[in-house]
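# Examining the three-dimensional arrangement
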Amino acid sequence: MTTETLEIRQAGRDDLQAIRQLYQAVRGNNRPEDFDRWRWFDSPDGECPMAIALDGEIIAGFYTLWPVRLRIGAAVVLGGQSMDTMTHPDYQGRRIFTTLAKACYETAAACDFQVLYGFPNTLSYPGFVRRLDWNHTGDIQHWVRLLRPSHHPRMPGVVGPFADLAARALPRGRGGRDIEISMGKPESAALRDLLESWRDDSGLCRIERTPEWLDWRYAHAAAHDYEWICARRDGILVAAGIWGMQNADWGDVADGRAHLVELLGAESAGLRAVVGAVIGRATTRRAWILETVTNIPPVISALRRGGFFSHRGAPLIVRALGDSEVDNRIFDHTSWRFMGGDLDTM
Ligand SMILES: CC(C)(COP(=O)(O)OP(=O)(O)OC[C@H]1O[C@@H](n2cnc3c(N)ncnc32)[C@H](O)[C@@H]1OP(=O)(O)O)[C@@H](O)C(=O)NCCC(=O)NCCS
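The numbering scheme is per chain: residues are counted from 1 as the chain's sequence reads. For a predicted model such as this one, the threshold for reporting local features is a pLDDT of at least 70, and the threshold for listing and counting side-chain atom pairs is 80 or more; totals across whole chains, interfaces and linings nevertheless cover every residue.

## Comments concerning the domain arrangement of the protein
Spelled out, the test is: As used throughout, domain bounds are those supplied by an automatic or database domain assignment. Once C-beta atoms have been placed from the backbone, residue pairs whose C-beta atoms lie within 7 Å are recorded as contacts. Secondary structure is summarised from DSSP: a helix means a run of H or I of at least four residues, a strand means a run of E of at least two, and numbering begins at the N terminus for each. Basically, the charged four are Asp, Glu, Lys and Arg, the nonpolar ten are Ala, Val, Leu, Ile, Met, Phe, Trp, Tyr, Cys and Pro, and anything else, Gly included, counts as polar.
According to the domain assignment, the protein contains domain 1 (3–133) and domain 2 (141–317). Taking the mean C-alpha position of each, domain 1 and domain 2 sit 28 Å from one another. Facing the 22 residues of domain 1 at the interface are 21 residues of domain 2. Take the side of domain 1 that touches domain 2: its biggest share by element is 5 residues, from strand β3 (residues 58–72). Its residues assigned to classes, the side of domain 1 that touches domain 2 comprises 15 nonpolar, 4 polar and 3 charged.

## Points about the site of the ligand
Inclusion rule: Near residues are defined by distance alone, with the backbone-placed C-beta atom required to lie within 6 Å of the molecule or strand.
Near the ligand you find 20 residues, and of these T87, Q92, F97, L123 and G127 are the closest. At 4 residues, the largest contribution of residues to the shell around the ligand is made by helix α4 (residues 125–131). Of the residues in the shell around the ligand, the class split is 7 nonpolar, 9 polar and 4 charged.

## Comments concerning the pairing of β3
Regular strands place their side chains on alternate faces of the sheet. Quick note on the threshold: Partly exposed residues are those whose C-beta has more than 12 but fewer than 20 other C-beta atoms within 10 Å; 20 or more makes a residue buried and 12 or fewer makes it exposed, with C-beta atoms placed from the backbone. Note on pairing: two strands pair once DSSP finds at least 2 bridges between them.
Of all the 15 residues making up β3, 11 are buried; the element is thus mostly covered by neighbouring parts of the structure. Pairing of strand β2 (residues 50–55) with β3, which is carried by 6 bridges, proceeds in the antiparallel orientation. Looking at β3, one finds that A53 is bridged to G61. Here 11 bridges tie β3 to strand β4 (residues 75–87), and the two strands are oriented antiparallel to one another. Note on β4: the bridge partner recorded for V68 is G79.

## Looking at the environment of F119
Tracing the chain through its elements places F119 in the loop between β5 (115–118) and α4. Given 23 C-beta atoms within 10 Å, F119 falls into the buried group. For the pair formed by F119 and P315, sequence separation is 196 residues and the distance between their alpha carbons is 5.6 Å. Residues contacting F119, with those up to four places away along its chain left out, are A314, P315, L316 and L343.

## Observations regarding the environment of E227
Here E227 lies in strand β9 (residues 227–233). If sequence neighbours within four positions are ignored, E227 has contacts with M183, I242, W243, G244 and R281.

## A short note on the environment of L132
Note on placement: L132 falls in the loop between α4 and β6 (135–146). For L132, a count of 18 C-beta atoms within 10 Å translates into the label partly exposed. Considering only alpha carbons, one finds L132 and R319, 187 residues apart in sequence, at a separation of 8.8 Å.

## Structural notes on helix α8 (residues 268–284)
Going by this rule: The span expected for a helix works out to 1.5 Å for each residue beyond the first.
A rise of 1.5 Å per residue sets the reference length of α8, with its 17 residues, at 24 Å; its end C-alpha atoms lie 25 Å apart and thus fit the reference within 8%. Looking only at α8, the buried set comprises G270, L271, R272, A273, V274, V275, G276, A277, V278, I279 and A282.

## Let's talk about unusual backbone geometry
Not every positive phi belongs to a glycine, and A223 is a case in point at roughly 55°. When you line up the elements, A223 lands in the loop between α7 (211–217) and β9. Assessed through the 21 C-beta atoms surrounding it within 10 Å, A223 is described here as buried. Of note, D225 is a non-glycine position whose phi angle comes to about 45°, a positive value. Along the chain, D225 turns up in the loop between α7 and β9.

In structure tokens, the structure reads:
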């Protein structure tokens, strides 16, 4: 069998169950169905362009892009994050992934997607870089803060309590007495001001944040029970963050890992206060670890003050799409700024 004998086509809502079957065959489990619907079909920029390969009734492969607005310098363009790349184990090694990716890029280019980014694993990396013209610009650090290591599924019972004690001794990075912390989304005007100041540096490439996008990205359907935490001084919002973890909808698949997905604001005391509060909330919800991926300098300094450390990087790959002239800053690693929620896995 070769890719020529397969049916390659754009997928849609009617293919949801087939794609979930493939996910089950590749990963050995499934995500909540509402999560998949939310992620593939309900983004503010429309349905994901999705390509599938069929061998008769059997779904052999799937490739998709998550639409997202990117701010490149002063311009905002339609971009896509590469995600959910999968080929059925019986069909791997036959160029299905690369064939599907090319088909998906054609659909995406016709819909005016201009810039793609992704964080591939070791299995898909060679295909992206060698066969699909992606550039590996550099790595973005993955940050972790241990909370209750004894809740890790592979932690030996006798070691757990000592590991928990050590984690409790880590700093929390509180912000200061004059900072007041509260849960819940900030009022619209204050959030707009925070986002406005966050946008100030126009020399960068980053995922555009609007109140509408944040509402969708951290919606109930994402099944992570995302929670806003705000830091105020004298009633003025100085920083805000969002964190979440897989909730009961994930059943046995839930991994007990909490994710810090947003940390907005320029004031270091406010950022530190939000980090400290997230550590407290995630511990209460029995997460064993709190993690994020970021290369934003003030965020990194707040994480360090909160006892986070980084032990590895995630490779950032980037690609231009379509015929329009692309801003070359996308190929310069130092231009990019990422925060946890920019990755589909957080
Ligand atoms: C990654 C995956 C999608 C590749 O699918 P595939 O259809 O077998 O890939 P292709 O046949 O199109 O191979 C593309 C290129 O990647 C290389 N490649 C594929 N699997 C590889 C592996 N395990 N190790 C090293 N290279 C690999 C191939 O050699 C090929 O390069 P070549 O044409 O120069 O030989 C598939 O292994 C998979 O579904 N894995 C499990 C899910 C997963 O990890 N997805 C990636 C999430 S980021």
